[in-house]
Amino acid sequence: MDGSPRGARVRDLLENPSSTLLTSVITLAELVSKSLRTRRDPKIAVTAVESNSTLHPIGPELATLAGEVHGEEKKRKKDFGLADAFVLATARNRSCKVQTGDSHFKDVPEAVMI
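Student: I tried to follow the nonpolar core on my own but got confused; where do I start?
Tutor: If you look at soluble globular proteins, the nonpolar side chains tend to sit buried side by side. Of all hydrophobic cores here, the largest spans 14 residues; its most connected members are Val 69, Phe 80, Leu 88, Ala 89, Val 98, Phe 105 and Val 108. For this core, the secondary structure elements donating two or more residues are helix H4 (60-76) and helix H5 (82-94). Considering each element in turn, this core owes the most residues, six residues, to H5.

Right, here's the structure in full:
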């Protein structure tokens, strides 16, 4: 998203003082993985996430909800991943929206497509 219109929308969210940003720790793991696969420094991604949002941890309640979400979504989307289920479960648990460009979320009420 470097310099892209989607990147600009993310920047706008980050710079909006009325925004409260949460990041699932699963998303942090995905960012580290992508950084390593694209030969970027994962420390930069971790620092960016930690300085711009609050990390939402995983506990038994969230893990149970993620399992339920995963089971339901897999019935409709065969490639819906467990990491996506944790992101959606986090949004539902915290009554917030998922800001995403991931097509798995296109018909999810909690999602705002960017």
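There is more to say, and it comes next.
Student: Even after reading the chapter, I still don't get H4, so can you show me in this structure?
Tutor: Since the α-helix turns once every 3.6 residues, residues separated by three or four places project in the same direction. With 17 residues, H4 extends 25 Å between its outermost C-alpha atoms, agreeing within 8% with the 24 Å of an ideal straight helix rising 1.5 Å per residue. Looking only at H4, the buried set comprises Leu 62, Ala 66, Val 69, His 70 and Glu 73. Take H4 and look down its axis: the buried residues cluster within an arc of 110 degrees, on one side only. H4 presents Pro 60, Glu 61, Glu 68 and Lys 75 as exposed residues on the side facing more than 90 degrees away from its buried surface. Each element contacted by the buried residues of H4 is listed here: strand E2 (54-56) and H5.

Student: Got a minute to help me understand the packing of helix H2 (residues 25-37) against helix H3 (residues 42-52) in this structure?
Tutor: The axes of two packed helices give the description: the angle between them and the distance between them. At their nearest, the axes of H2 and H3 sit 8 Å apart, and the two run at 150 degrees to each other. As judged from the angle between their axes, H2 and H3 are roughly antiparallel. Considering the relative orientation of H2 and H3, their crossing is right-handed. Residues Leu 28, Leu 31, Val 32, Ser 35 and Leu 36 of H2 pack against Pro 42, Ala 45, Val 46 and Val 49 of H3.

Calculation criteria
Residues numbered from 1 in each chain as written. Predicted model: local features only at pLDDT ≥ 70, side-chain atom pairs only at ≥ 80, totals over all residues. Heavy atoms only, no water. Core = buried A, V, L, I, M, F, W, Y, C linked by side-chain atoms within 4.5 Å. Buried < 20%, exposed > 50% of the residue type's maximum accessible area, 1.4 Å probe, protein only. Helix = DSSP H or I, 4+ residues; strand = E, 2+ residues; numbered from the N terminus. Expected span 1.5 Å × (residues − 1). Arc of directions from axis to C-beta. Contact = heavy atoms within 4.5 Å. Axes fitted to C-alpha atoms, helices over the stretch in contact; angles between N-to-C directions. Parallel < 35°, antiparallel > 145°, perpendicular 65-115°, else oblique. Left-handed = near helix turned anticlockwise from the far one by under 90°.

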